Amino acid sequence: MDMSLRARSTISKQASTSSDASEIPLLHTDNNNDNNNNNLIPDSSERPLVPRLSISQRALETTANLANLLPTGTLLAFQLLIPIFTNNGSCDTATRPMTLILLALLAFSCFVACFTDSFKAPDGQIYYGLATFKGLWIFDYNAATASGVPSELNKYRVGFIDLVHAVLSVLVFVAVALRDKNVVSCYYPSPNQETKQVLDVVPIGIGVICSLLFVVFPTRRHGIGFPVTPDRR
């Protein structure tokens, strides 16, 4: 009798314990959230590798930035006329010297444009001229005289920095021409490996040297085709 009572009490205790345990709320663990959190943590081993720029791509970027230092009209004429003169890179005995003459004229245009300057008349009109060793030679002198010519035109005379910028401008134009596919195809239709490396490296060298020299020797001229600085106007 005593054994049966003890057995019943033990069974009732186990039942009450199990019922109490069932009433305790269990924490819900979401495996999907854990997986999402794990996915949010970047894995260094799965990061995509950034491709390195080739020499030709870096040359294109360098010459594209240096093209901003060229006169706008000269650069526009180069982009429009070169495909026509070179027949889209397929030069012959007639178009090859014509293309060379065109490149020489455009380079000379870059050289001369560095010696042009401008001034703002009292009526707000801007007049352009050519800087000489004595001063500024105004293109439209009669109209400038009616608007008001500055009394000190000798401050616009040619200096050493103008010569430096003229040479650098020609070098930049050469770098841009060397990176044009029509010009390269005209004079080097099937270049060998050494020539190809030279055509890739030379524009980069010109770009680095000219960029440094443009910073060391800044100019205050605002000639034809160049941007205008507000403080000079």
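Scroll up to find the structure.
Definitions and cut-offs
- Every chain is numbered on its own, with residues counted from 1 as its sequence reads.
- Local features are withheld for residues below a pLDDT of 70 in this predicted model, meaning they are given only at 70 or higher, and side-chain atom pairs are given and counted only at 80 or more; totals for whole chains, interfaces and linings count all residues.
- Hydrogens are left out, water is left out, and the side-chain values use all remaining heavy atoms of the structure.
- Buriedness for pockets is judged along seven lines, at least five of which must meet protein on both sides within 12 Å for an open set on the 1 Å grid over protein atoms alone, while cavities are sets there where a 1.4 Å probe fits but cannot get out, and lining residues have an atom within 4 Å of a point.
- Grid points are joined across faces, edges and corners, and a volume is the space filled by probe spheres set on the points.
- Counting from the N terminus, the helices are DSSP H or I runs at least four residues long and the strands are E runs at least two residues long.
- In the scheme used here, Gly and all other residues not listed as nonpolar or charged are polar, with Ala, Val, Leu, Ile, Met, Phe, Trp, Tyr, Cys and Pro taken as nonpolar and Asp, Glu, Lys and Arg as charged.
- Partly exposed describes any residue whose relative accessible area lies between the buried limit of under 20% and the exposed limit of over 50%, with all areas from a 1.4 Å probe on protein chains only and scaled to the type maximum.
- Pairing between strands is defined by DSSP: at least two bridges between them are needed.
- Two joining distances apply to patches: 9 Å for like charges and 5 Å for nonpolar side chains (Val, Leu, Ile, Met, Phe, Trp, Tyr), and every residue must have over 30% relative accessible area and no salt bridge.
- Here the accessible surface of atoms and residues is derived via Shrake-Rupley with a 1.4 Å probe, and residues count as covered only by protein chains that are part of the display.
- A carboxyl oxygen of Asp or Glu within 4 Å of a side-chain nitrogen of Lys or Arg is what we treat as a salt bridge.
- Here, the term disulfide refers to a pair of cysteine sulfur atoms separated by no more than 2.5 Å.

1. Overview of the layout of surface pockets
Empty space left among the atoms is revealed by rolling a probe the size of a water molecule over them.
Consideration 1: Computed from the structure, the second largest pocket encloses a volume of approximately 190 Å³.
Consideration 2: Lining the second largest pocket are 13 residues, and of these Leu103, Ala177, Leu178, Val183 and Tyr187 sit closest to its centre.
Consideration 3: For the lining of the second largest pocket, the secondary structure elements donating two or more residues are α5 (95-113), α7 (160-178) and α8 (181-187).
Consideration 4: Classifying every residue of the lining of the second largest pocket gives 13 nonpolar, no polar and no charged.

2. What about unusual backbone geometry?
Consideration 1: The backbone of Asn87 sits at a positive phi, close to 55 degrees, despite the residue not being glycine.
Consideration 2: Mapped onto the elements, Asn87 comes out in the loop between α4 (72-85) and α5.
Consideration 3: Of note, Asn88 is a non-glycine position whose phi angle comes to about 60 degrees, a positive value.
Consideration 4: By the secondary structure assignment, Asn88 is in the loop between α4 and α5.
Consideration 5: The exposed category is assigned to Asn88, whose relative accessible area is 55%.

3. Digging into the pairing of strand β1 (residues 116-120)
Consideration 1: Here β1 lies mainly inside the structure; 4 of its 5 residues are buried.
Consideration 2: Direction of pairing for β1 relative to strand β2 (residues 126-131): antiparallel, over a ladder of 5 bridges. Bridge assignment links Asp117 to a residue of β2, and that residue is Gly129.
Consideration 3: Once β1 ends, the chain turns through 5 residues before running back antiparallel as β2, passing Gly124 with a positive phi of about 95 degrees.

4. Description of a nonpolar patch on the surface
Consideration 1: On the surface, a nonpolar cluster with roughly 400 Å² of combined accessible area is contributed by Phe108, Phe111, Val112, Val167 and Leu171.
Consideration 2: If one sorts the elements of the nonpolar patch by residue count, α5 sits on top with 3 residues.
Consideration 3: Looking at the secondary structure, you find Val112 in helix α5.
Consideration 4: On the accessibility criterion, Val112 (30% relative accessible area) is partly exposed.

5. Observations regarding the state of the cysteines
By definition, a disulfide is the covalent link that joins the sulfur atoms of two cysteine residues.
Consideration 1: Taken as a whole and judged by the stated rule, the model has 1 disulfide.
Consideration 2: Two residues share a disulfide in this structure: Cys91 and Cys186, whose sulfurs sit 1.9 Å from each other. Note on the Cys91 and Cys186 pair: the S-S dihedral is about -115 degrees, so by sign convention the disulfide is left-handed. Here Cys91, found in the loop between α4 and α5, pairs with Cys186, found in helix α8; they are 95 residues apart in sequence, far enough to count as distant.
Consideration 3: For Cys186, a relative accessible area of 2% puts it in the buried group.
Consideration 4: Considering cysteine sulfurs only, Cys114 is the nearest to Cys110, which forms no disulfide, with 7.3 Å between them.
Consideration 5: When its relative accessible area of 0% is taken as the criterion, Cys110 is described as buried.

Shape descriptors only; they carry no functional weight alone.
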